[in-house]
Amino acid sequence: MNDDARPAPEPQDFPPHSGAADEAKRRDPSRRSVLWTTAGVAGAGIGLGALGTGSASAATTAPEAIAAAEAVAAAPARQGRTMAGVRFDRRSTVRVGIVGLGNRGGSMIDLFLAVPGVQVKAVCDPVRDKAERAAAKVTAAGQPAPTVYAKGDHDYENLCKRGDLDFVYVATPWELHFPMAKTAMLNGKHVGVECPIAMRLEELWQLVDLSERTRRHCMQLENCCYGKNEMRVLRMAHAGLFGDLLHGAGAYNHDLRGLMFDPDYYEGPWRRLWHTRLRGDLYPNHGFGPVANYMDVNRGDRAVSITSIGTPALGLAEYRKEHMPPGDPSWKESYIGADRTISLVQTAKGRVIRLEHDVSTPHPYSRINSLGGTRGVFEDYPERIYLEPTNTDDRWDDFKKYAEWDHWLWKEHANPPGGHGGMDYMMVFRLMQCMRLGLVPDFDVYDAATWTAPVPLSHLSIKAKGAPLPIPDFTRGEWKKGRSGMDSEKPEE
């Protein structure tokens, strides 16, 4: 059954944590202002202000950093019930609203339209041309014309108020992810958000509490978890082929200099401007998510602490010097974001996860995607494996030999449509399947918060010269219970 018979609840203010009273009064930033300003964002606790935005050169001592992180890591009293293991309500058709129709959203709408049992009811973008192009795709696919929301920066609020939507998909600049996810849940919608789901620890706690209170799932749509290699390694790890797991690594090493300075690729310099605000790992999810799944983080283990270091920030300024003409607005920017950050995450079981981020220097694309245990190791880019007792000669083996371990999704959809090797389609297909059949989602708000926590924490750790900082237990102890995740069984339709 669909939920259209239930009226959407009225939006209400959500109480923040840890001295964040000012945040509750702060108006959500407009899209235009966050696209075109380098000003710091005021905040409390471990907000961007506390993390050094606007005063990045100020010294932060290790004791100060640890005390600040511990204050927000402490779990506040639960306001609802856990969302771990909570099923969607079964429905014959999933009715979707899409917010943000730029590079990502404009391509992902094709995949929603390609999945059976999905209807795109509404599209939203302040740039009307983009919204109307998306609406045309919907009618071309044989569906009724969706409602277009393009009346300014906050028209997404009107989309979220609709009573005929089950799910809101958000693909907008990062600083808008939190207010949009919050608005969707307050209006009774499940929500899926592109990476990262928020930029502040307090915002992560708010999303956790709001998901528990509204009984609506809030998910980080981490497409790399659905990569063919990642899902094969996941099943092999859970089958014990790597023995006892010890370490893993993930990254987002992707030379984005040309795109970040391209006036036509991103709408405004919003992504580049984050390199004027934070020093840390701005995009940890692609690397962290898959390795966390291998190690059952939040499902028997948990991420306990993080320590980060970073290089000087030279790459973007050097690229600007060589490619941007005098008078370009970028010459007013001062970059503080480390060209490469390296973080070490420790888990409760003592395992180590290495995360890397580098979008500012020349480098072939790599997410590293490595996993090691007492019986062997896998490394990606290029893919290779070494497992005992099969391998005994200290030479890498061919990972293609292990195709029998492919996840059922990849066996059912050998040639999926869409970008990134098909992982985008797998993600959308599986999420929509879970909603139609009333299943537990493959990941939830606790995963979203954990995978995103390195954004603010790596910045603070780097400022404190690598001080190890606690990662909040967003599950409030539920991580000790084993439960289902990405390694799913094929359901009965």
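Residues numbered from 1 in each chain as written. Predicted model: local features only at pLDDT ≥ 70, side-chain atom pairs only at ≥ 80, totals over all residues. Heavy atoms only, no water.

Peer 1: Break down the overall build of the chain for me, with residues and values.
Peer 2: Within the chain, the secondary structure is distributed over 17 helices and 14 strands. The buried share of the chain, reckoned over its 493 residues, is 59%. Pairs at least 24 apart in sequence give 78% of the contacts found in the chain among residues at least 6 apart. Accessible surface for the chain amounts to roughly 19000 Å². Of this, 51% is attributable to carbon and sulfur atoms. (Helix = DSSP H or I, 4+ residues; strand = E, 2+ residues; numbered from the N terminus. Buried < 20%, exposed > 50% of the residue type's maximum accessible area, 1.4 Å probe, protein only. Contact = heavy atoms within 4.5 Å. Areas by Shrake-Rupley, 256 points an atom, 1.4 Å probe, with all protein chains shown as cover.)

Peer 1: Lay out the sheet that holds strand β7 (residues 245-253) in plain terms, naming residues and giving numbers.
Peer 2: Spatial strand order, β13-β12-β11-β7-β10-β9-β8-β14: eight strands in an open sheet with mixed pairing. Each edge of the open sheet carries a strand with a single partner, namely β13 (384-387) and β14 (469-470). (Pairing = 2+ DSSP bridges.)

Peer 1: I'd like a rundown of the side chain of N187, residues and numbers included.
Peer 2: You can see N187 is positioned in the loop between α7 (177-186) and β5 (190-193). Here the side chain of N187 touches T183 through a polar contact of 2.8 Å, landing on its backbone oxygen. (Polar contact = N/O pair within 3.5 Å; in protein donor to acceptor, adjacent residues only side chain to side chain.)

Peer 1: How would you summarise the packing of aromatic side chains if you had to cite specific residues and measurements?
Peer 2: Under the defined criterion, the tally for this structure stands at 18 aromatic pairs. Members of the aromatic cluster, each reached through a chain of ring pairs, are W174, Y252, Y265, Y266, W270, W274, Y283, Y365 and Y381. The ring of W274 carries R277 above its face, with NZ or CZ at 4.8 Å from the centroid. A cation over an aromatic ring shows up here: R320 above the ring of W331, its NZ or CZ 4.8 Å from the ring centre. (Phe/Tyr/Trp six-rings, centres within 6.5 Å; stacked < 30°, edge-to-face > 60°. Lys NZ or Arg CZ within 6 Å of the ring centre and 35° of its normal.)

Peer 1: I'd like to hear about the sheet that holds strand β6 (residues 218-220), residue by residue, with values.
Peer 2: As a general point, the strands of a sheet are linked pairwise by backbone hydrogen bonds and lie either parallel or antiparallel. As summarised here, the arrangement of the six strands in space is β3-β2-β1-β4-β5-β6, forming an open sheet in which the pairing is parallel. Each edge of the open sheet carries a strand with a single partner, namely β3 (147-149) and β6. Strand-to-strand twist across the sheet, computed as the mean angle between neighbouring axes with direction ignored, equals 25°. Strand direction decides the pairing type here: strand β4 (residues 167-170) and β5, joined by four bridges, are parallel. Note on β5: the bridge partner recorded for F167 is H190. Of the strands in this sheet, β2 (118-124) and β3 touch helix α5 (residues 128-140), which is tilted by about 165° from β2. (Axes fitted to C-alpha atoms, helices over the stretch in contact; angles between N-to-C directions.)

Peer 1: I'd like to hear about the environment of S370, residue by residue, with values.
Peer 2: Locating S370 in the fold gives a position in strand β11 (residues 370-373). Given a relative accessible area of 6%, S370 falls into the buried group. With 11 residues separating them along the chain, S370 and Y381 place their C-alpha atoms 9.4 Å apart. With residues near it in sequence (within four places) discarded, S370 still touches H247, G248, A249, V291, V377, F378 and E379.

Peer 1: Help me get a handle on the pattern of salt bridges, residues and values and all.
Peer 2: Working definition: two side chains of opposite charge can pair if their charged atoms are close together. In the structure shown here, the tally under the stated rule is 33 salt bridges. Note that K121 and D164 form a salt bridge whose closest N and O atoms lie 3.7 Å from each other. With K121 in strand β2 and D164 in the loop between α6 (156-160) and β4, the pair connects residues that are 43 residues apart, well separated along the chain. The partly exposed category is assigned to K121, whose relative accessible area is 22%. Taking the shortest distance from any N to any O, the salt bridge between R384 and E379 comes out at 2.7 Å. Using a relative accessible area of 25% as the deciding quantity, one classes E379 as partly exposed. Shared partners join several salt bridges into a network, and the residues in it are R78, D209, E212 and R476. (Salt bridge = Lys/Arg side-chain N within 4 Å of Asp/Glu carboxyl O.)

By themselves these figures say nothing about function.
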